[in-house]
Amino acid sequence: MTTGTLDRCLQLAAVFAPLSVATIGGGQAIISDVQRQVVEVHHWMSAAQFVNAFAIARMAPGPGSLLATLIGWQVAGFWGAVVATLALFGPTAFLIYGVARLWRQHQGARWQVALEAGLRPVAAGMILASVFVLAEGLDGGWQAKLLALASTACVVYTRIHALLLIAAGAGLLTALHWIQTA
Amino acid sequence: MTEPPAPPPTVRDLFLAFALIGLTSFGGGLSGRMMRDFVQERRWLGEEDFLNGLALSQALPGVNVKNLAIWVGYRLCGWRGAVAGFTGIIVPPAALIIALGTVFARLTRYPLTHVALAGAAAAAIGLSMSMAITSVARLPRRMFPLALMAFTFIAVAVLHWPLVWTVLGAGGLGVAVEYRRTAAPREGA
């Protein structure tokens with residue numbers, strides 16, 4: 001590792017580690033902050049390059065926050081990717097690990113029952129809201145929305161495998177599009 | 001519903017299961033995929049256990065999917081399982097995104113790619129929606145939890161309040177009320 005790479009890795013860590021803690025409720029919240037740091041503050045990428053990286057992260061499978069990995073890779077190669085990924089995902093990993101351990105050690109404690117009972121309605125509301133927002137912003141018009149409904153029915157009422165479901169969704173919308181434009 | 005739980009997985013099983021989800025979750029919906037996979041298909045984990053982990057993963061800082069992978073991994077195989085969950089859900093797709101970054105970039109130029117991706121995303125909503133339905137259906141039928149759920153939904157989806165304050169406010173209120181409730185003497189207790 002050259003000193004230039006090391007410097008850049010340290011800067012990557014300084015950008016992503018604080019943002020790691022700010023990702024309550026979903027990684028989407030930090031995207032605009034990441035863009036500001038990467039494009040305006042550090043000039044690691046042009047605005048167009050950032051949009052491109054964002055599109056790749058959306059298209060690829062896995063957590064959307066792997067955008068950090070991609071940025072790290074483009075800024076400082078292999079070590080950049082490792083550092084950016086660990087900085088974004090690492091610090092809070094210890095937090096949930098600690099909580100998971102506490103949960104096992106104090107199974108059934110009053111505070112634990114209260115935390116579960118108190119947080120589950122909030123989580124349910126947040127999950128419902130994120131599905132609502134996702135469905136609203138879905139590309140592909142009413143056909144895609146209909147597909148989302150049909151998919152929900154399939155998951156609830158059948159034992160269809162998730163992979164088959166995803167492949168069928170992609171295939172169906174592509175076929176529809178092809179028929180409409182042919 | 002009443003089917004017996006499956007034998008517990010090994011650390012290797014866990015890593016492979018997480019890696020498969022990480023590598024094939026086109027269109028998002030990873031948490032819903034985990035519920036489908038671990039609770040309904042493989043039956044490694046009970047629904048209640050999963051939903052409690054989901055609630056904590058949402059409330060704690062950090063990328064939710066990663067939090068949930070660590071929670072599920074730890075419940076099933078202790079610290080080795082937590083490591084398997086963390087690395088399985090992150091490292092394989094991270095390697096893929098770097099290896100295929102240029103391929104994905106080229107693919108994004110074709111209109112058909114976006115149509116296929118929109119189809120995958122629409123189908124993935126089914127997984128998330130099913131998880132949302134289960135989360136709501138398993139809430140106790142009391143006024144307070146249902147009102148808190150509705151309030152959170154409106155705050156996030158309609159009013160677009162910042163997530164951090166919504167989680168801290170609604171979560172804090174929920175926990176405080178439930179803590180008081182468990183202290184109240186119950187009938188027959």
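Just so it is clear, the structure is predicted and the values come from calculations on it, not from any experiment. (Residues numbered from 1 in each chain as written. Chains lettered and ligands numbered in written order. Predicted model: local features only at pLDDT ≥ 70, side-chain atom pairs only at ≥ 80, totals over all residues. Heavy atoms only, no water.)

**Points about the overall build of chain B**
Helix and strand counts for chain B come out as eight helices and zero strands. Written out in order from the N terminus, the α and β elements of chain B read α-α-α-α-α-α-α-α. Along the three orthogonal principal directions, the C-alpha set of chain B runs to about 65 × 45 × 30 Å. When the 189 residues of chain B are sorted by exposure, 53% land in the buried category. Restricting the contact set of chain B to residue pairs at least 6 apart, pairs at least 24 apart contribute 59%. For chain B, the exposed surface amounts to about 8,400 Å²; the carbon and sulfur share of it is 68%. The centroid of the 16 positive side-chain charges in chain B is displaced by 8 Å from the centroid of its 9 negative side-chain charges. (Helix = DSSP H or I, 4+ residues; strand = E, 2+ residues; numbered from the N terminus. Buried < 20%, exposed > 50% of the residue type's maximum accessible area, 1.4 Å probe, protein only. Contact = heavy atoms within 4.5 Å. Areas by Shrake-Rupley, 256 points an atom, 1.4 Å probe, with all protein chains shown as cover. Lys, Arg positive; Asp, Glu negative; His and termini not counted. Charge placed at Lys NZ, Arg CZ, Asp CG, Glu CD.)

**Let's talk about the confidence of the model for chain B**
Mean pLDDT over chain B stands at 91; residues scoring 70 or higher make up 94%. The ipTM value of the predicted complex is 0.92, and its pTM value is 0.92. (pLDDT = per-residue confidence, 0-100.)

**Section: the nonpolar core**
Formed by 89 residues in total, the largest nonpolar core has its most connected members in Phe16 and Ile71 of chain A together with Met34, Phe50, Val72 and Ile89 of chain B. For this core, the element with the highest residue contribution is helix α4 (residues 64-99) of chain B, accounting for 16 residues. Those residues in contact with Val72 of chain B, other than ones at most four positions away along the chain, are Phe18, Phe38, Leu45 and Phe50 of chain B. With ten residues, the next largest nonpolar core counts Ile24 and Ala129 of chain A together with Leu148 and Phe153 of chain B among its residues. (Core = buried A, V, L, I, M, F, W, Y, C linked by side-chain atoms within 4.5 Å.)

**Describing empty space enclosed by the protein**
According to the stated counting rule, one finds two cavities of 30 Å³ or more in the structure shown. Considered as a void within the structure, the largest cavity measures approximately 40 Å³ in volume. If you go around the largest cavity, the residues you meet are Arg120, Ala123, Ala124 and Ile127 of chain A together with Leu51, Leu54, Ala55 and Ser135 of chain B. Those elements giving two or more residues to the lining of the largest cavity turn out to be α5 (110-136) of chain A together with α3 (47-59) of chain B. With four residues, α5 of chain A is the single largest residue contributor to the lining of the largest cavity. Empty space within the second largest cavity amounts to approximately 30 Å³. Elements represented by at least two residues in the lining of the second largest cavity include exactly α2 (30-41) and α6 (111-137) of chain B. No other element matches the four residues that α2 of chain B contributes to the lining of the second largest cavity. Its residues assigned to classes, the lining of the second largest cavity comprises four nonpolar, three polar and one charged. (1 Å grid on protein atoms, 1.4 Å probe; cavity = no way out; pocket = protein on both sides within 12 Å on 5 of 7 lines; lining within 4 Å. Points joined across faces, edges and corners; volume = space filled by probe spheres on them. Nonpolar A, V, L, I, M, F, W, Y, C, P; charged D, E, K, R; others polar.)

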